Structures are given as C-alpha cells and as structure tokens.
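Structural overview
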Amino acid sequence: MYNNEDREVRKIVIDPGHGGTDSGAVGNNALEKDYTLLISKYMYDRFKELGVPVAITRDSDVTLSPTERVNSILSKFGNNDDVIVLSNHINSGGGQGAEVIYALRNPDTLAKNILNNIGRTGQTTRKYYQRRLPSNPSKDYYFIHRNTGRTEPLIVEYGFIDNQKDVNFLNNNYQDLVEAVVQAVSNYIGVPYTPPGNMISNTYTVQRGDTLYSIANRLGTTVDELRRINNIEGNTLSIGQILRVPMETITDNEEDIYIVKRGDTLYQIALDNNTTVDELKSLNNLTNNTLMIGQLLKLPSNLVPEDTYIVQRGDSLYSIASKYNTTVDALKEVNNIESNILTVGQVLRIPTVEESQGSTAYTVQKGDSLYSIARDFNTTVDELKSLNNLENNLLSIGQILKIPAFQSLETTYTVERGDSLYSIARKFDTTVDRLKQLNNLSSNLLSIGQILIVRE
Ligand SMILES: [Zn+2]
C-alpha cells in the first residue's frame, strides 16, 4: 500500500550544466552554460515559491569538475532516494527539440511527464530514454546518473544551441519550459502547482555593440534597474548574455482596469467601484481574498467582456493556459497572437471549451488512409470524418485534415509511483471528490498498479 499523504515532501537539487571554463555546447552566438544557469536559477526560485526543499549546485559562472558536481549534489540533502536531481542542459549536434534522460535505476514516469509537459509549451519533443555505458552496459553512460548514489537524477536537454529555431524558442519561452518541468515534478511529488507569482518576465540577449546604457534606452528602463534585476556590478556584458528585462510600467488610465495599491482590500475596491467582493472575485477568477500590490483587476463594465483575462506581471501564456484549463495554442489562436510574448495589462480572450479542445492540422501523405491517420492520432475514423465534414473515406495527397487535439480516449488510469488522487485529478481535469465517487473510494489511499476510473 502506498500512502502519499504520509510521505515526506521530496527534495530537489538543481544542477545548471557546465560553467566557468567549461562553456558546454556553443552555437548561434550563445553558450550552453549561460542558458543552463538562467533556466536553473528561475527553476530554483519557482520551487522555493512552491515551498519545495530545493538546492542548486552553482548560482554563478564557476567551474565544477564532475567529482565536485557529484559531491555538491550528494551534500545538499544526502545520498537518498527522496532526492530528485534536475541537471539542466542545452544540446548540440544538429538536431531540434527537447530530450529527457533518466537513470537505469529509476522508472520512466518523471522523464515521460517532463517531456510531455515540455511538448505542451510548443517546443518540439524528441524522446525520453536511458543510456548505457558501452564498456559496461549495467552502468549509466552519464556520470550524473552513474555517480549520484540513490538519488533520482534526470538530464533535461531543452533544445539545440546550434539550431536557430530552438535558440529563439529558448530566448522567448525559457520560463514556460521551466514551468513545464516544475509542474511535472510538482505532480510527481504530490505538491500542488501554482503559476508564478510576482516574478520578472522577459529577457534580452546581448548583441555585438550593446552597452547597458544602449539596452536600457532601447527597453525604456534605466542602467540601475538593469543592474539590479540582473545582479550586475560593473558595465561588462558579453555577447549572447541573457538579461532579465523589467516589465513595462503601466498606468491605470484604462477605466475598466484597477491596479492594486498598498493597503487595498477587495472590499474597499468593490465599494469604490459600485460592485461586490463576489463579483470582483468571479470576474477575476480569484479563489481567495489575497491581493498583491501591482495586481491588475478587471472591474465590472460592458467594455471588458467576461471571458477575458488581463495579463499580470509574471504571467506567461503557459501559466494562463494552465489556470483556465486550455492550451497555449488555443490561446494564441483565439487572440491572433503569433509570438509567446505578453505585455502586462494586455487583454486576452479565454478560449471556450470547444476552442480549447481545438484541432491541429495534418497534411495527407502518399499511402495514408483515414484508418491509419486515426490510429496514429489516437482518434477514430468517424471523429475525423465529422471534424472534417467528409462524406466518404477518400483522401487526396496534400489534403489538409483537422485532427482532434489534446484528447485522450482513455477512461481508466493505472496508479504509478508518486501519484496522489490530487495529481491524478489534475491530469484528467477532474476533482479528488469525483475520482473517489467514481471509484467508490472511502479514503485517499492508493496502491501502485491500482486501476482508477477517471471519467465516465
Ligand atoms: Zn550539457
């Protein structure tokens, strides 16, 4: 019997790959060690924010030998199987997309979940796998798996530094990629995931000829502010260095939007704007009465429709999609957005359930049949025909078919290590109570291998 409630929260060690004299992979004017540090520091902040015990092997540009790195990992929370090691890397060698590599001693659950979540950000996914040492196939190929004792280590390769598309994706969406990993790990260890709070969003990659002054001017900020949020002391920048960029300052001259100020309460804001606390909460999708300074609230009016969301500091398309049970693609589609960059105060329309389920496109290839396409996309011939208004089963090469997206035909789920009713409810977009009702459960106890009905 496996009782998730009784288990202590697992611990995370984040390992930014490479560093110092070891730059890691190089391409497109960028160094792997800079991206791994940027990604890892943000990841560290996020686990902190979620209350998960977390440590990091380096938080600056220092060199670590493999032995020093392993010793550092094992010294954080000991050599224990309740420690998860996330070793962050950027690949090179002419491919495109993300990979996750897990240790021979571990199940594939977390690697699979991380890669699936990365796929939801829009990044291409390649595979999750184990890799064996050719000279001794009973051992792991990578030292981070082989020499890290009883911990559960994963190498996450977010993309290829020598692929322009991947580098662009990293520059614009590294936070979404981190959120994908944080959410997968949170689910795995049974910690409720919440989107980022008051964290800084955009980034800028230093180009040849840039100075702090020219960047500050271009971005409408100051040299001091850039130094402050990037922890920079002097004026030295390197080409390819990634800077955090302050979000633009906004004012609430927009009459239907209110910016929360120090000392504000929902009650006072409701009074001042002729509305009620309940209406404010439902309009802004608030689950409690806590406000943050700088938070943007929608005020009731005929001008801002109900199914909209106002982008807050720290939001990403991915975090908004998670909050509203939709997808990044659906959000972009209904809002006609091309890039993943958002501005604070931007008003987004939230897709309807139908729009969220949406569809993707597939171009018919030589040899395809409706049957083979349905099988490949885990759907049915009937579903394909109805979605595409097809009268018969004839296809022509080059024909573009809509494919039902984000749909699972499964109605049952087999409990895996690390699952809780909560994490399963999240995965299948249902509630703990509903799961208990469907399965006649009187407690929250699950056993590995138990088969749960997840939907009717
Ligand atoms: Zn690497």
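Here goes a summary of the coordinates provided. (Residues numbered from 1 in each chain as written. Predicted model: local features only at pLDDT ≥ 70, side-chain atom pairs only at ≥ 80, totals over all residues.)

1. A closer look at the packing of helix α3 (residues 109-120) against helix α5 (residues 164-189)
Selection rule: The axes used here are C-alpha line fits, helices contributing only the stretch in contact, and every angle between their N-to-C directions lies in the interval 0 to 180 degrees. In this description a helix means any DSSP run of H or I spanning at least four residues, a strand means any run of E spanning at least two, and both kinds are numbered starting from the N terminus. With the far helix as reference, a near helix turned anticlockwise by less than a right angle produces a left-handed crossing, and one turned clockwise produces a right-handed crossing. What counts as a contact here is a pair of residues whose C-beta atoms, placed from the backbone, lie within 7 Å. All residues other than Ala, Val, Leu, Ile, Met, Phe, Trp, Tyr, Cys, Pro, Asp, Glu, Lys and Arg, Gly among them, are scored as polar; the first ten of these are nonpolar and the last four charged.
Here α3 crosses α5 at 145 degrees, and the two axes come no closer than 8 Å. Pair α3 / α5 crosses with right-handed handedness. Judged by residue contacts, Thr109, Leu110, Asn113, Ile114, Asn117, Ile118 and Arg120 of α3 engage Leu177, Ala180, Val181, Gln183, Ala184, Val185, Asn187 and Tyr188 from α5. In terms of residue class, the contact of α3 with α5 is built from 9 nonpolar, 5 polar and 1 charged.

2. Notes on the nonpolar core
Selection rule: We define the nonpolar core as any set of buried residues of the types Ala, Val, Leu, Ile, Met, Phe, Trp, Tyr and Cys, connected via C-beta atoms lying within 7 Å of each other. Residues are called buried when their C-beta atom has 20 or more other C-beta atoms within 10 Å, exposed when it has 12 or fewer, and partly exposed otherwise; all C-beta atoms are positioned from the backbone. Each domain span listed reflects an automatic or database assignment of domains.
With 59 residues, the main nonpolar core has Met43, Leu86, Val100, Ile114, Leu154, Val181 and Val185 as its most contacted residues. For this core, the element with the highest residue contribution is α5, accounting for 13 residues. Mapping this core onto the domain boundaries places at least three of its residues in each of domain 1 (4-189) and domain 2 (203-244). Once you skip the residues sitting within four places of it in the chain, Val185 turns out to touch Ile12, Ile84 and Leu110. By size, the runner-up hydrophobic cluster in this structure holds 18 residues, among which are Leu280, Leu299, Tyr318 and Leu348.

3. Re the sheet that holds strand β5 (residues 83-91)
The condition that has to hold: When DSSP finds at least two bridges between two strands, those strands are taken to pair.
Taken together, 6 strands build an open sheet; the order of strands is β4-β1-β5-β10-β6-β7 and the sheet is mixed. This sheet does not close on itself; its edge strands, each paired only once, are β4 (54-56) and β7 (125-129). Sheet twist, expressed as the mean angle between neighbouring strand axes with direction ignored, is 15 degrees. Relative to β4, strand β1 (residues 11-16) is paired through 3 bridges, and the arrangement is parallel. Its bridge partner lying in β4, Ile14 is registered against Ile56. Along the sheet, helix α1 (residues 32-50) contacts β1, β4, β5 and β10 (152-160); its crossing angle with β5, the most-contacted strand, is approximately 145 degrees. Docked against the sheet, helix α2 (residues 66-77) engages β1, β4 and β5, running at close to 160 degrees with respect to β1.

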